[in-house]
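Structural overview for review
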Amino acid sequence: MAVLPILTYPDPRLQRVAEPVIDFGQNFQTLVDDLLATLRVSAHGVGMAATQVGVLQRLVIVDVSSKANIKHHGLQVLVNPEILDWQGFASGREGCLSVPDYIGTVIRAKKIQLKAQDRHGQWREYAMEGYEARAVQHEIDHLDGKLFLDRLVSKKRDLMLRQFI
Amino acid sequence: MKHWYMLTLVGKDQPNIVAHTTRLLYQAGCRLGEANMNRLGGSFTVMLMVEKTLPKTALKALLQPVVERFNLSLHVVVIEGDLHQHQIPNICVRVHGADRAGIVAQVTSALAQKGFNILELCSDVGGSQEQPFYILQIEGVATAPLEELQQALADLRDVQVEISAIDACIM
Ligand SMILES: [Zn+2]
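Residues numbered from 1 in each chain as written. Chains lettered and ligands numbered in written order. Predicted model: local features only at pLDDT ≥ 70, side-chain atom pairs only at ≥ 80, totals over all residues. Heavy atoms only, no water.

**Re the coordination of the zinc ion**
Around the zinc ion, the donor atoms from the protein are Cys96 of chain A (SG), His138 of chain A (NE2), His142 of chain A (NE2) and Met171 of chain B (O), and they sit 2.1 to 2.4 Å away. Taken together, the four donor atoms coordinating the zinc ion and their angles of 92 to 148° define a geometry best described as irregular. You can see cysteine 96 of chain A sitting in strand E3 (residues 76-96) and its partner histidine 142 of chain A sitting in helix H2 (residues 130-143), a full 46 residues away along the chain. (Donors = N, O, S within 2.8 Å, 3.2 Å for Na, K, Ca; no water. Tetrahedral: all angles 85-135°; square planar, octahedral: opposite > 155°, others 65-115°. Helix = DSSP H or I, 4+ residues; strand = E, 2+ residues; numbered from the N terminus.)

**Some words on the sheet that holds strand E5 (residues 91-98) of chain B**
All names here are of chain B. Taken in spatial order, the four strands of this open sheet run E6-E7-E5-E8, and their pairing is antiparallel. A single partner strand is all that each edge strand has here, and the edge strands are strand E6 (117-127) and strand E8 (159-165). Strand-to-strand, the axes of this sheet are offset by a mean angle of 15°, without reference to chain direction. In terms of strand pairing, E5 meets strand E7 (residues 132-141) through eight bridges, oriented antiparallel. By the bridge assignment, valine 95 is partnered in E7 with leucine 136. Relative to E7, helix H3 (residues 103-113) is tilted by about 25°, and along the sheet it contacts E5, E6, E7 and E8. (Pairing = 2+ DSSP bridges. Axes fitted to C-alpha atoms, helices over the stretch in contact; angles between N-to-C directions. Contact = heavy atoms within 4.5 Å.)

**With respect to the interface of chain B and chain A**
In this complex, chain B contributes 19 residues to the contact, which on the side of chain A involves 25 residues. There are one salt bridge connecting chain B and chain A. Here glutamate 139 of chain B ties to arginine 93 of chain A by a salt bridge, and the two come within 2.6 Å at their closest N and O atoms. Put simply, the parts of the chain that give the side of chain B that touches chain A at least two residues each are E6, E7 and strand E9 (169-170) of chain B. When grouped by side-chain class, the residues that make up the side of chain B that touches chain A number 10 nonpolar, four polar and five charged. The pairing of E3 of chain A with E9 of chain B spans two bridges and is parallel. Bridge pairing in E9 of chain B links glutamate 94 of chain A to cysteine 169 of chain B. (Salt bridge = Lys/Arg side-chain N within 4 Å of Asp/Glu carboxyl O. Nonpolar A, V, L, I, M, F, W, Y, C, P; charged D, E, K, R; others polar.)

See the structure below:
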């Protein structure tokens, strides 16, 4: 297992769209292990996409278990993830290992229904909410070449939303 | 380390103030740092960090056309600060209720007594002329636990108070 260097904005590779994973062989297994090792040593990171280490494959990992009092599925390796359904909207703060020293407010779906393969290619479905759902939406954005910087909203708008919705 | 001016422009809100100001600065070779613009009650204010490459008098003279054209007041000071010196808030306080005098003063005093440092505050009046309501949103840094802050605001019985932790996830 190797800890890989994380690309940081404005590296153009962060804005490219990742390809579906087809081959779940040894090379892919090594990539999964390396990504896990890289997340483990990153301070406070709750998720990571392969795009962030310069590999354009549709692979993300999330682990929000360090947050207290929330629902979660523990550490998950999500391959070729696809959001099937969204429910509700909530604004929240996000930071990104690829955008150091910047925190912004982003609106995400509160609950999602997700379909993804595990590291061996087995399809699974998940119902996720709160932080875990937010993290997965953030990571899937990475696979589509998007950063949370593309989705920032102002806090004043947040106040208006609370007032009128 | 770079040295910066903090430039503040205040006046009646009109379109294109920021565009004119920043164009004059850009044409004179000035570099901008961070900026923050606000509009409130038909008034406008913008704070701009401008890199200290000109003497203060020259910077003021440079902006004179925009000051005259839009009837603005201009304030320029040298600041100690630098870029990326944001304090990150960890607590958000939201208050709403029927509008009355003293809500802001009572809330902020109670928080101040608990050592709460306000980083951002904005408020709005909604509702009708006959039944106005007041909304106040504060973000800041607190070392006191959430329960203690809740306790400090518990005496304000005629308004709804919601205090929550702001935590950012790094993803
Ligand atoms: Zn990220």
